[in-house]
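Take a look at the letters that make up each chain.
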Amino acid sequence: MNLLLFELRTERHTGLVKELRSAGLTVTVLPEDVFDAEGPTLALRLGTGAGLLLADSDAAPRQIAAIRRAGYTEPVIVMRDVRNARRAAELLDTGADDDMVIPVKGPEVRARLRSIARRSAGHASAQTSIGEITVFFDGRDPEVQGERVQLSSRESVIFQHLAMNTSRIVSKQTLYDVVYGLSDDRPFDKVIDVHICKIRKKLSAASAIGHSYIETVRRRGYTLAAPE
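Residues numbered from 1 in each chain as written. Predicted model: local features only at pLDDT ≥ 70, side-chain atom pairs only at ≥ 80, totals over all residues. Heavy atoms only, no water.

K.L.:
Looking at this structure, how should I read the sheet that holds strand 3 (residues 50-55)?
P.N.:
Hydrogen bonding along the main chain pairs the strands of a sheet, whether they run parallel or antiparallel. If you trace the five strands from one edge of the open sheet to the other, you get 2-1-3-4-5, paired in parallel fashion. Edge strands, defined here as strands with exactly one partner in the open sheet, are strand 2 (26-29) and strand 5 (98-101). In this sheet, adjacent strand axes meet at a mean angle of 25° when their direction is disregarded. Note: strand 4 (residues 76-80) against strand 5, four bridges, orientation parallel. (Pairing = 2+ DSSP bridges. Helix = DSSP H or I, 4+ residues; strand = E, 2+ residues; numbered from the N terminus. Axes fitted to C-alpha atoms, helices over the stretch in contact; angles between N-to-C directions.)

So, in structure tokens, the structure goes:
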């Protein structure tokens, strides 16, 4: 799971990034001038497929409003030094999804990101069924006919995103961004096809009817759906 971090107090970066990475989050620290851009340029700099952990400051409401106007729809969690109900209400009303008081813990941040993403996609429950598959939105591997299907970390990210958007077409670029975010280590986009192929084989092998569940929609992307 990818996470963008905006914290101007650089002395906090090392400990905070270490804590977040210990929970399996891939963290990208945003530069100080990231919010100087506007509109599409700002959206491009933030990318897609990564939530934002934003340190509170006098500029935070303006920053949140700007990224929402730019079309950034990923989860935004504000990190604050002290509890303040009035300030929390202001930030949430501006467009933040959640707020946390330091010290923040990696597993809690990850769980909050998952919860926000799950509910945004219309899934109130922590699990759902797609044909023979039981999907768990807490990061656990799926089960087919009650048997666990083991996925690699990147396969799991792709599968979870497809499951979150059941029966909708998800573009290859979206899946690529969800997996690799703003990482400097970005392979060719064909790697998504490889991951999809491996997931299909695992699901098909576990399915009583040999169904792979993931369909390629030519020139548009992929969709995960139960057999008709």
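That was the structure; now back to the text.
K.L.:
Could you clarify how one ought to interpret the environment of Lys-201 in this entry?
P.N.:
Note on placement: Lys-201 falls in helix 8 (residues 190-206). Overall, Lys-201 belongs to the exposed group, its relative accessible area being 58%. Between the alpha carbons of Lys-201 and His-211 there is a distance of 9.2 Å; along the sequence they are ten residues apart. (Buried < 20%, exposed > 50% of the residue type's maximum accessible area, 1.4 Å probe, protein only.)

K.L.:
Would you take a moment to explain the pairing of strand 6 (residues 127-130) for this structure?
P.N.:
The side chains of a regular strand alternate, residue by residue, between the two faces of the sheet. As paired elements, strand 6 and strand 7 (residues 133-136) share four bridges and run antiparallel to each other. When the sheet's bridge partners are listed, Ile-130 is paired in strand 7 with Ile-133. The hairpin formed by strand 6 and strand 7 contains two residues between the paired strands, and Gly-131 there has a positive phi angle of roughly 60°.

K.L.:
For this particular structure, what's the right way to read the pairing of strand 11 (residues 221-224)?
P.N.:
Direction of pairing for strand 10 (residues 214-217) relative to strand 11: antiparallel, over a ladder of four bridges. For Thr-216, the partnering residue across the bridge sits in strand 11 and is Tyr-222. Following strand 10, the chain reverses through three residues before pairing antiparallel with strand 11; Arg-219 in that reversal takes a positive phi of roughly 65°.

K.L.:
Before we go on, may I ask you to explain the sheet that holds strand 6 in this structure?
P.N.:
Across the sheet, four strands lie side by side as 6-7-8-9; this open sheet has antiparallel pairing. Single-partner strands in this sheet number two, and they are strand 6 and strand 9 (147-148). Inspection of the sheet shows strand 8 (residues 143-144) paired to strand 9 by two bridges, in the antiparallel sense. Among the inter-strand pairings, Glu-143 is bridged to a residue of strand 9, identified as Arg-148.

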